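Close look at the chain arrangement
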Amino acid sequence: MHNEHSDSNFQSRIDKGEHIEARDYMPENYRKHLIRQMSQHAHSEVIGMQPEGNWITRAPSLRSKQILLAKIQDEGGHGLYLYSAAETLGISRQELIQSLHSGKAKYSNIFNYPALNWADIGAIGWLVDGAAIVNQVSLQRTSYGPYSRAMVRICKEESFHQRQGYEIMAKMMKGTKDQQAMAQDAMNRWWWPSLMMFGPHDTDSPRSSDAVKWRIKRETNDELRQKFIDKTIPQAELIGLKVPDDKIKLDEKTGHYKIGEINWEEFQRVVAGHGPCNKQRLDHHKLYFNQGAWVREAAEAYKQKHLKQEMQTI
Amino acid sequence: MTTKEATFTYTLRLGDDALILGHRLSELCSKAPFIEEDLALTNIALDMIGRAQAMLSHAAELEGKGKTADDLAYRRPEINYYNHLITEQPNGDFAHTIVRQLYLSAFEFLFYCELEKSKDETLAAIAKKASKEVQYHWQHAMDWTIRLGDGTGESKRRMQIALYELWMYTGELFEMDAVDETLIKAGIAVDLTSLKTQWLNLIKNTVTEATLLMPDDTYMQSGSRKGIHSEHLGHILSELQYLQRAYPDAIW
């Protein structure tokens, strides 16, 4: 008979495709892996508000301003579900934010690149959210229940984001020469970093094997990346955007696109903290978090004061 | 001045209030003290930009020159913007943001309830939607005022400063000119004289509950209804209008 609290029982539940819930037994490394991954995911949503927020006040129409505001709100909301889902693993929001500030917890590398022109808002929606969706669709079937349910909600909203991003790109490609140049410039800068979002090649990915065994991760980095490439290249061609890679070739036999070599040196450099915006993004988060300290303290003081008063009247 | 011309100006003023306050609140994205509050502030910003679009579309129709809401939002010179001075004031610290919301949303809460009765059907319809939204904005501002006023010594001090500093922009909310008078007679505009006492009561009650002090009456700033603004508006517009001005032939 299996002990309910044994690793082998845990693994057999995973193998049967059962969800693991917050109160269920789980090996310590499974919990750690999830906290690392979910907090990275939550922080990515929150840090991702910065490059997009950079364009709200300059959005070129009232409609695009509203869409962008709504989209950024969605991202913040996703951060919130994910923080709450991570909290079910016994870690507090305060600890999660401390780990972000100390550099222990990461966020998606992609947000260490700058949003330089309006078409970047299109590219972020279409390419960055597009890449994120491929990953998140797969994560809807992840083994940890709270994470899986958060992903189901998030995926619904992300597919809307991707469409609005593509709409901006399509509109600009139909526009003036200046607009087309902006769109192509954004494509040139965001294409490769988007491909890097899936992480290193499977052969170089140290944590992949455990994550696959525990069914936290359902498909490998390279499988997911290929899905994104196959989906995105025809979309680019349809609106006349050139993918900045001379080696792209459709393999007729497999139906998959082959691409040139990803610059892993750049990837490693940005992960190590030397991307164009690593310092800026983290400094921004720390600055406003610290500036808000008096507000959080006041809210807490008010709550305690009134709790005490209520207790006294009882 | 025909009723139609007056309605155009009146609607434009309301649109500009929403547009400029929406702009200021948008600047706060990713800068709130915690994520829930970030969402609350951008949500109010979104309501404002939505209202600006509705008002400016209506204004463009009334003007009858074939313009769109975007033309009005993005292509006017500074002197032709009529938003209240308080809407363009910088966000400052969180206390200033909240006090600006307190003064304005109390006003809008009363104003839009009245505007629902307007004989201009479009204005009445926009007002109906706005008064639902503003109820939430008012609640949000009131909750924060009470919590921060009665929170810590520091939050009380900051709130008191913000209450004093923004007070001089509140007189303008109740100014009326020929546009208002023409439209009050036609049953289109709201008579602001009757709102002032109610507004003062709302503010006094909240400030008292927050254990704060009401500002003393002081010289009230004025000018926006004639297109005379503080220096802040020019900077807001250079950001807001940037793409439309730099690429005038582009469609976005």
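Here the structure is a predicted model, which is why all the values come from computation and not from measurement.

On to the side chain of Glu 75 of chain A, then. All names here are of chain A. Among the secondary structure elements, Glu 75 is positioned in helix α4 (residues 62–87). For Glu 75, a relative accessible area of 4% gives the class buried. Setting aside chain neighbours within four positions, we find Glu 75 in contact with Glu 45, Met 49, Glu 52, Asp 129, Glu 158 and His 161.

Let's shift gears to the nonpolar core. Tyr 30 and Trp 118 of chain A together with Tyr 10, Leu 19, Tyr 103 and Phe 111 of chain B are the most contacted members of the largest nonpolar core, which totals 176 residues. Here the element with the most residues in this core is helix α2 (residues 35–63) of chain B; it accounts for 14 residues. Taken together, domain 1 (7–274) and domain 2 (277–314) of chain A each give at least three residues to this core, which thus spans both.

Taken together, the contact between chain B and chain A spans 49 residues of the former and 44 residues of the latter. With both chains or domains summed, chain B and chain A bury close to 4,000 Å², and 69% of this area falls on carbon and sulfur atoms. Taken together, the connections running from chain B to chain A amount to two salt bridges. For Arg 93 of chain A, the salt bridge is made with Glu 36 of chain B, and the minimal N-O distance between the two is 2.5 Å. Our count for the contact surface shared by chain B and chain A stands at 16 residue pairs in polar contact (both at pLDDT 80 or more). Of all elements in the fold, only α1 (3–26), α2, α3 (69–74), α5 (94–115), α6 (121–149), α7 (153–167), α10 (232–240) and α11 (242–246) of chain B reach the threshold of two or more residues within the side of chain B that touches chain A. With 12 residues, the single largest contributor to the side of chain B that touches chain A is α2 of chain B. Per-class residue counts for the side of chain B that touches chain A are 26 nonpolar, 11 polar and 12 charged.

With that settled, the discussion passes to unusual backbone geometry. Of note in this structure, Arg 215 of chain A is not a glycine but carries a positive phi near 55 degrees. Tracing the backbone through its elements, the reader meets Arg 215 of chain A in the loop between α9 (208–213) and α10 (221–238). A residue is classified by how much of its surface remains accessible, and Arg 215 of chain A, at 26% relative accessible area, is partly exposed. For Ser 30 of chain B, which is not glycine, the phi torsion reads 70 degrees and is therefore positive. Of the residues examined, Ser 30 of chain B reaches a relative accessible area of 15% and is grouped as buried.

Another aspect to go through is the domain arrangement of chain A. Residue and element names in this part refer to chain A. By domain assignment, chain A separates into domain 1 (7–274) and domain 2 (277–314). If you average the C-alpha positions of domain 1 and of domain 2, the two centres end up 30 Å apart. Across the boundary between the two partners, domain 1 contributes 17 residues, which contact nine residues of domain 2. Here domain 1 packs against domain 2, burying approximately 1,200 Å² in sum over the two surfaces, 57% of which is carbon and sulfur. Area buried by domain 1 at its contact with domain 2 is led by Gln 50, His 101 and Asn 112, which between them contribute 49% of it. Summed over the shared surface of domain 1 and domain 2, the number is zero salt bridges. Our enumeration of links across domain 1 and domain 2 arrives at seven residue pairs in polar contact (both at pLDDT 80 or more). Residue assignment for the side of domain 1 that touches domain 2 shows that the elements contributing at least two residues are α2 (28–47), α3 (49–53), α5 (93–102) and α11 (264–274). A total of four residues in the side of domain 1 that touches domain 2 trace back to one element, the largest contributor, which is α5. The residue inventory of the side of domain 1 that touches domain 2, partitioned by class, reads 11 nonpolar, six polar and no charged.

All names here are of chain B. With their axes 8 Å apart at the nearest point, α6 and helix α9 (residues 193–209) run at an angle of 35 degrees to one another. Crossing handedness for the pair α6 and α9: right-handed. Where α6 approaches α9, its residues Trp 138, Met 142, Thr 145 and Ile 146 are matched on the opposing element by Leu 202, Thr 206 and Glu 209. Looking at the contact of α6 with α9 residue by residue, the classes come out as four nonpolar, two polar and one charged.

Thresholds applied
Residues numbered from 1 in each chain as written. Chains lettered and ligands numbered in written order. Predicted model: local features only at pLDDT ≥ 70, side-chain atom pairs only at ≥ 80, totals over all residues. Heavy atoms only, no water. Helix = DSSP H or I, 4+ residues; strand = E, 2+ residues; numbered from the N terminus. Buried < 20%, exposed > 50% of the residue type's maximum accessible area, 1.4 Å probe, protein only. Contact = heavy atoms within 4.5 Å. Core = buried A, V, L, I, M, F, W, Y, C linked by side-chain atoms within 4.5 Å. Domains from an automatic or database assignment. Buried area = accessible area lost by both parts, 1.4 Å probe. Salt bridge = Lys/Arg side-chain N within 4 Å of Asp/Glu carboxyl O. Polar contact = N/O pair within 3.5 Å; in protein donor to acceptor, adjacent residues only side chain to side chain. Nonpolar A, V, L, I, M, F, W, Y, C, P; charged D, E, K, R; others polar. Axes fitted to C-alpha atoms, helices over the stretch in contact; angles between N-to-C directions. Left-handed = near helix turned anticlockwise from the far one by under 90°.

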